[in-house]
Structure formats: structure tokens, C-alpha cells
Amino acid sequence: MQEPFGGAEKTGDAAPSRARVLADTVNDLLQNLVLRCAKEEGVRDYFHVGVIGYGQRVRRLVQPTEEYDPGTGLVPISHLADRPQRMEQRVKEVDDGDGGTTETRVKTPIWFDPQAKNGTPMCQALDLAAQSVRDWIDQHPHSFPPIVLNVTDGEATDGDPLRYAQELRSFATDDGEVLLFNIHLSASEEAPVELPSAADEVPTDDEYAEVLFQMSSRLPFSMRSAAEQEGYSVTLDTRGFVFNADPVSLVTFLEIGTRPSNLR
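Residues numbered from 1 in each chain as written. Predicted model: local features only at pLDDT ≥ 70, side-chain atom pairs only at ≥ 80, totals over all residues. Heavy atoms only, no water.

Chemist: I tried to follow the overall build of the protein on my own but got confused; where do I start?
Modeler: Helix and strand counts for the protein stand at seven helices and 14 strands. Per-residue burial over the protein gives 44% buried out of 264 residues. Excluding contacts between residues fewer than 6 apart, the proportion of contacts in the protein whose partners are at least 24 apart in sequence is 71%. Accessible surface computed for the protein: about 14000 Å², of which carbon and sulfur atoms make up 44%. (Helix = DSSP H or I, 4+ residues; strand = E, 2+ residues; numbered from the N terminus. Buried < 20%, exposed > 50% of the residue type's maximum accessible area, 1.4 Å probe, protein only. Contact = heavy atoms within 4.5 Å. Areas by Shrake-Rupley, 256 points an atom, 1.4 Å probe, with all protein chains shown as cover.)

As C-alpha cells, this is what we get:
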């Protein structure tokens, strides 16, 4: 994750690392989730969120407070909204009102900083995620099924992740099985493979790509509709998988993967 992100816009003489792009994207995603859940009376808990980091070790990066601990490793979005690590001034492009954009400085909540350390213990991370979703489903059996987004830049270094992925996806609420989506980050500048519907759409000479494809869930109806709105061609077999993601496809995929239904 310390290597440059393939296709990323360069800052100065060097492209930002994959870890930097991922951290910024996750922070933006969480901010967008908070804004989508914000109502006059405050932030409604349409989402419960957990983040697991895995590299040198596997650990939960979102921790409940003493006054609120559901015992699942997941916290309500309102809990997260109130507790960023800090606020930073960031330059962002905004609508100028005339059909274009302009740059402005805005206060941005930062929940996570980039980290990159050796190892890819994906099996341990999927196992920890399975514990969280299983405990959460026990408390919310009638909800939309949990969504797990696995972002990786390399092969698992601790075994066969397909078995762990299948176990994770076997848990279900009354509304369906747990959804597991996979995103592969790379230093390559080759075009990404986004939302494939068949194994032969991913690189045939890359065994790892096929494993990630097999690990990934099919998109439910609401997400297929969201993908179509973004210009993707989808079928009933379309998987929640992006191989060799660039920053643009990463952002788009994460947005699609967190649109389970209309919020009211």
C-alpha cells in the first residue's frame, strides 16, 4: 500500500500512495454517509459501521465508547459522526452554479490516516468481519443484510480466503445473505475490470483475480439499479468486484456498494 496508485493524479513529483488514496476515499465516504443520514433532528442511524485494518496485524479501527458498546464491532453512523480524529482544511472542487466547478477550502472530518505495513492476512480479517456481522445479525435479524467491502493490494498471505469468504456470505438476515464486495488496488495503469458478470471477464492469466471474483457477491437489485445509473452494463450475475481499481473506479464502486435502499 506504500506504492503509488496506478493512474492517480500526481502531487508534485510523485503520485500519492495507495494507502493515502484509500484513506482519503474512506474519509470522504464516511462523510457522505453522515450527510445522507442527516435530518433536522440530527443524524439518523440508517447505517452501522465498522472498519478493520489488516497488515502487520488485524484489528478493528472503529472502537465503541464506554457508554455505547453493542458488542458487535459496529457502531451507529451518528456515533461516528460525532467522533472524527480531527478536522482539517482541505481544498475541494464544488459546483460554481454555472455548470462548472471551482476550488474552495472546506473543513473535512478525518477518521483515518494512511497506514501501510507488511503482510496481507486477509483470512484473519474476513474471519473477524464474520464475527461482527454474525453478532450484528443476531441483534438485527430483519434488517438489510450487512455489506462487507474488502480492499486489498495483494494476495492473502495466511491461507485460502475463498473459504473464509464463503463462510462470511453464508450468514443472512430475513432480507438476504451478507454481501461481500472486493476491490483490488494496483500500481498498474492498465484499465480496471469493473463489475464483471462472468469469470472470463477478469484477467485469465491472473489466478488471484479469479479468486477475488469467486469471493464476491452478486449485486442485489437496488445496487444493480445504482450501477446502471452510473453507466455500467449489468446482469443478474454481476459481481461486486473491481480488479486493478483506479481512484475514480474506487470512489464510484464504494458509492454503489453503500446504496442498499432509499433513505427516508
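Chemist: Please clarify how the confidence of the model for the protein should be interpreted in this entry.
Modeler: Parts of the model with low pLDDT should not have their predicted coordinates read in detail. Summarising the model, the protein shows a mean pLDDT of 84, and 87% of its residues fall at 70 or more. Per-residue pLDDT stays below 50 along residues 7-12; that stretch engages in 10 contacts with residues further than four places along the chain or on separate chains. (pLDDT = per-residue confidence, 0-100.)

Chemist: I would appreciate a short explanation of the packing of helix 4 (residues 161-170) against helix 5 (residues 207-215) in the present structure.
Modeler: If you want to describe how two helices pack, look at the angle between their axes and the distance between the axes. Closest axis-to-axis distance for the helix 4/helix 5 pair is 9 Å, and the angle between their directions is 10°. Considering the angle they form, helix 4 stands roughly parallel to helix 5. The chirality of how helix 4 crosses helix 5 is right-handed. Across the interface between the two elements, Pro161, Leu162, Ala165 and Arg169 of helix 4 pack against Val211, Gln214 and Met215 of helix 5. Along the lines of polarity and charge, the residues of the contact of helix 4 with helix 5 split into five nonpolar, one polar and one charged. (Axes fitted to C-alpha atoms, helices over the stretch in contact; angles between N-to-C directions. Parallel < 35°, antiparallel > 145°, perpendicular 65-115°, else oblique. Left-handed = near helix turned anticlockwise from the far one by under 90°. Nonpolar A, V, L, I, M, F, W, Y, C, P; charged D, E, K, R; others polar.)

Chemist: Would you explain the sheet that holds strand 14 (residues 241-245) in this entry?
Modeler: Two pairing modes exist for strands in a sheet, parallel and antiparallel, and in both the strands are linked by backbone hydrogen bonds. Spatially, four strands are ordered 9-12-14-13 in an open sheet, and the strand pairing comes out mixed. What marks the edges here is a single partner per strand, and that holds for strand 9 (147-152) and strand 13 (193-194). Across three bridges, strand 12 (residues 179-185) lies against strand 14 in parallel orientation. Counted as the bridge partner of Ile183 is Val242 from strand 14. (Pairing = 2+ DSSP bridges.)

Chemist: Help me out: how do you make sense of the pattern of salt bridges in this one?
Modeler: Pairing of side chains with opposite charge becomes possible as their charged atoms draw close. On inspection of all chains with the given rule, the structure shows six salt bridges. With a shortest N-O distance of 3.4 Å, Asp24 and Arg20 are connected by a salt bridge. Here Asp24 and its partner Arg20 are both found in helix 1 (residues 18-37), four residues apart, which amounts to about one turn of the helix. One salt bridge connects Glu88 with Arg86, and the closest N-O pair in it is separated by 2.8 Å. Given a relative accessible area of 23%, Glu88 falls into the partly exposed group. Judged by relative accessible area, which is 29%, Arg86 ranks as partly exposed. The network of salt bridges with common partners includes Arg86, Glu88 and Asp113. (Salt bridge = Lys/Arg side-chain N within 4 Å of Asp/Glu carboxyl O.)

Chemist: Explanation requested: the nonpolar core in the structure shown.
Modeler: Buried together is how nonpolar side chains tend to be arranged in soluble globular proteins. Residues Leu30, Ile77, Leu80, Ile183, Leu185 and Leu250 are the most contacted members of the largest nonpolar core, which totals 33 residues. Looking at this core, the elements with two or more residues in it are helix 1, helix 2 (77-81), strand 12, helix 6 (221-229), strand 14 and helix 7 (247-256). Ranked by the residues each element gives to this core, the list is headed by helix 1, at seven residues. Not counting residues within four places of it along the chain, the set of residues in contact with Leu30 comprises Val49, Leu80, Trp111 and Phe112. (Core = buried A, V, L, I, M, F, W, Y, C linked by side-chain atoms within 4.5 Å.)

Chemist: Please explain unusual backbone geometry as it appears in this structure.
Modeler: Leave glycine aside and you will find that most residues have negative phi; peptide bonds, for their part, are mostly trans. Phi is positive for Leu195, close to 50°, though the residue is something other than glycine. Position of Leu195 among the secondary structure elements: in the loop between strand 13 and helix 5. Residue classification places Leu195 among the buried positions, given a relative accessible area of 3%. If you check the backbone angles, Asn244 has positive phi at about 60° while not being a glycine. Tracing the backbone shows Asn244 in strand 14.

Chemist: How should helix 3 (residues 122-139) be read in this particular structure?
Modeler: Because each turn of an α-helix spans 3.6 residues, side chains separated by three or four positions in sequence point in the same direction. Here helix 3 is 18 residues long and its end C-alpha atoms lie 26 Å apart, about the 26 Å a rise of 1.5 Å per residue gives. Those residues of helix 3 that fall on the buried side of the exposure criterion are Met122, Cys123, Ala125, Leu126, Leu128, Ala129, Ala130, Ser132, Val133, Trp136 and Ile137. (Expected span 1.5 Å × (residues − 1).)

Chemist: Quick question: what am I supposed to make of the environment of Val62 here?
Modeler: Checked against the element boundaries, Val62 lands in the loop between strand 5 (58-60) and strand 6 (75-76). Owing to a relative accessible area of 5%, Val62 belongs among the buried residues under this scheme. Considering only alpha carbons, one finds Val62 and Gly50, 12 residues apart in sequence, at a separation of 5.8 Å. Excluding residues within four positions of it along the chain, Val62 makes contact with Val49, Val51, Gly73, Val75, Leu80 and Phe112.

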